[in-house]
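Chain by chain, the residues run as shown.
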Amino acid sequence: MLKLKIKDFVYLLLFAIPNTFLSFGIIYIINNVLSGNERFLKDYMIIVFLAIVCYTYLLNIIFQKGLNKYAFKILYENEKKLFAQILKAPLIALEKHGTQRFYTAMEDLRLFSNLPYTVTHTVTSILMLVLGIIYMFTLSSQAAAIVLFLIALVAICYFVVINTMTKQVGDLRKLNEHYYRYVDDLINGFKELKLSQIRRKNILDRYLIPNRNESEDLDFKINFVFLSINLISQYGLYFVIAVILFGFPAMGLLDRTDVIAYVVVILFISGPINSLINLQQMYTRFKVANYRIKTFMKDFEIDEEILIEDKTTTVAFQNLSFNNIVFNYEKNNESANSFTLGPINLDIKKGEVIFVVGGNGSGKSTFINVLTGLYKPIEGTITINGKPTTNSQNEIASVFTDNHIFSHNYDQYSLEGNETYKELLKLMEMNHIVSDDQEESARRKFSKGQSKRMSLIFALLEEKPILVLDEWAADQDPHFRKYFYEVLIPKFKKEGKTIIAVTHDDAYFHKADRIIKFDYGKIATNVKSSAASKSTQNIWS
Ligand SMILES: Nc1ncnc2c1ncn2[C@@H]1O[C@H](COP(=O)(O)OP(=O)(O)OP(=O)(O)O)[C@@H](O)[C@H]1O
């Protein structure tokens, strides 16, 4: 997803080539002035020298500005792409890979903002190195060949040591992955940890501390090796200089003037050499990050069918049917779980109140996720008003068991000055808690039961014909639960809403038109509520 185009390389070379030649012009002048070359000891030479310095400075400023702009464009564009991708991804992908993956992908992207700088440094360093070596060859080919050989030797030593570290770096990454899981447990399970000294002691003594100890040792080893190897490249340079200063004149390869030129060139190219050696680590990190971003994009691939816009909204909702619908977790996420929902055949008519019941793990929530289009069935079709659909979001508003109140209003309606909203606050007995129509007042921290009431208000404001509620009343006090089943549901029904509610409240089964009971992923009972309430016992047996 992050590639440099040919156009970018041309832009890069347009900067790098003149920049390298000008920088090299600087050492060329230094060399000749130091060695007392008559042609360079003229008065105007200082002006030439300063002019080159100023020109290179300006060239760098202009280029760096463009580069910065480009780097941030890459970063922010890809961040936006990442958000778009995750919002289009199916729920099952998020459940399978976890939200953590999203955060690491963001971190990896941040790393890529360094890509243009790294490439620029690589190109300019290589050019500088090549020019330096050519210059040395023009003075003495034998001496230059020896210097080249010595530089290569230092570089080989460096890469051999670095490659032996790959395994340790991988081990450290694994340790850190475990570490982040413990951190996650510590933050999200803080209350549970506070309540148990044993748990606190175990997470610290058995997991966090051993993990940190192991990481500390490995981190130290890796860093020490990197430090030592960087010193090799630094001290290896002194070794090369010693050969030039003492070895070459003794071997008769260079005279004094050329020795000065060689030393100046070596000092000048030592920067690019060190940069190239250090940049190698950056390329390894880019490779890993690129792989991780690619797998992230693949794992969160968009299901084209889900993106197809449904046009059913133009016709008023009449009925929704499940025709031989089958859903399976195993087929969707390759896990060992073999839970299968279906085959389900079901008709839901406008204005019906349906209670979905069943034991824990019988498939109620899975059914709701298929119904709302969050899970894609592996077989069968869902039809709305007789037309097959893969996307029922235009018809369904829902409140899930783990409801979430957004920090901002992402919906089409506005709360401010909204009379329906004010009425709903009263209807849901929330008008004493939320005293005005401001967004902030509706999006603060509520008690669990209150937050469910707010979510129901938001779902009703969507004005969709079907209302899906997953164990909505479970968090309500007895008074409001009774009010919900005896007043609210009949009121919504009267207004033409179709209600599909997952519930365990058998005392109110008679308030539904129909009871659908799930058992091992299949519809075991699908009866009129009058029949069900006469024999509630039968429903649960
Ligand atoms: N994301 C998932 N990946 C794999 N298996 C899952 C997933 N979600 C649920 N299951 C499994 O599917 C089965 C049905 O779960 P589901 O949540 O639909 O049950 P439920 O009837 O809503 O239960 P409860 O009353 O406890 O909420 C269970 O065996 C559960 O372990």
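Because the structure is a prediction, the values reported are computed rather than measured.

Sorry, what's going on with the overall build of the protein here?
Each helix and strand counted, the protein has 19 helices and 10 strands in total. Relative to the 2.2 N^0.38 estimate, which gives 24 Å for 541 residues, the radius of gyration of the protein is 35 Å and therefore markedly larger than a compact globule would have. In terms of overall dimensions, the protein has C-alpha extents of about 110 × 50 × 45 Å along its principal axes. For the protein, the residues scored as buried account for 23% of the 541 residues in total. Intrachain contacts of the protein at a sequence separation of at least 6 include 75% that bridge at least 24 residues.

Looking at this structure, I do not really get the site of the ligand. What am I missing?
What surrounds the ligand is a group of 13 residues, the closest being Phe 339, Asn 360, Lys 364, Ser 365 and Thr 366. In terms of residues, the shell around the ligand owes the most to one element, helix α13 (residues 364–371), which gives three residues. Its residues placed into classes, the shell around the ligand shows two nonpolar, nine polar and two charged.

Please clarify how the packing of helix α5 (residues 115–139) against helix α6 (residues 141–164) should be interpreted in this entry.
Axis angle and axis distance: for two packed helices, these are the angle between their axes and the distance between the axes, and together they describe the pair. Viewed as axis vectors pointing N to C, α5 and α6 meet at an angle of 145°, and their least axial separation amounts to 6 Å. Contact with α5, carried on its side by Ile 133, Met 136 and Phe 137, involves Ser 141, Ala 143, Ala 144, Val 147 and Leu 148 of α6 and no other residues of that element. Per-class residue counts for the contact of α5 with α6 are seven nonpolar, one polar and no charged.

Whenever I open this one, the sheet that holds strand β8 (residues 498–502) confuses me. Can you help?
In a beta sheet, neighbouring strands are held together by backbone hydrogen bonds and run either parallel or antiparallel to one another. Overall, mixed pairing links the six strands, which are arranged β6-β7-β8-β3-β9-β10 in an open sheet. The sheet terminates laterally at β6 (396–399) and β10 (522–528), the two strands that pair on one side only. Across the sheet, the mean angle from the axis of one strand to that of its neighbour is 15°, orientation sign disregarded. Running over the sheet, helix α16 (residues 448–461) touches β6 and β7 (466–470) and is turned about 175° from β6.

Can you walk me through the sheet that holds strand β4 (residues 379–384) in this structure?
Across the sheet, which stays open at both edges, the four strands sit in the order β2-β1-β4-β5 with antiparallel pairing between neighbours. The open sheet terminates on both sides in strands that have one partner only, identified here as β2 (340–349) and β5 (387–389). The sheet shows a mean angle of 30° between the axes of neighbouring strands, direction not considered. Of the strand pairs in this sheet, β4 and β5 are connected by three bridges, and their pairing is antiparallel. By the bridge assignment, Thr 383 is partnered in β5 with Pro 388.

What's the story with the packing of helix α1 (residues 6–34) against α5 in this structure? I'm lost.
Closest axis-to-axis distance for the α1/α5 pair is 9 Å, and the angle between their directions is 40°. By the angle class used here, α1 and α5 are oblique. Helix-helix and strand crossings are classified by hand; for α1 and α5 the assignment is right-handed. Where α1 approaches α5, its residues Leu 12, Ala 16, Ile 17, Asn 19, Thr 20, Ser 23 and Phe 24 are matched on the opposing element by Val 119, Thr 120, Val 123, Thr 124, Leu 127, Met 128 and Leu 131.

When you look at the pairing of β6 in this model, what are you seeing that I'm missing?
Here is the key point about a regular strand: its side chains alternate between the two faces of the sheet. The alternating pattern of β6 places Ile 396 and Ser 398 and Ala 397 and Val 399 on opposite faces, both of which are buried. Across four bridges, the pairing between β6 and β7 is parallel. For Ala 397, the partnering residue across the bridge sits in β7 and is Leu 467.

Quick notes on the rules
- Residues numbered from 1 in each chain as written.
- Predicted model: local features only at pLDDT ≥ 70, side-chain atom pairs only at ≥ 80, totals over all residues.
- Helix = DSSP H or I, 4+ residues; strand = E, 2+ residues; numbered from the N terminus.
- Rg over C-alpha atoms; globule rule 2.2 N^0.38 Å.
- Buried ≥ 20, exposed ≤ 12 C-beta atoms within 10 Å, placed from the backbone.
- Contact = placed C-beta atoms within 7 Å.
- Near = placed C-beta within 6 Å.
- Nonpolar A, V, L, I, M, F, W, Y, C, P; charged D, E, K, R; others polar.
- Axes fitted to C-alpha atoms, helices over the stretch in contact; angles between N-to-C directions.
- Pairing = 2+ DSSP bridges.
- Parallel < 35°, antiparallel > 145°, perpendicular 65-115°, else oblique.
- Left-handed = near helix turned anticlockwise from the far one by under 90°.

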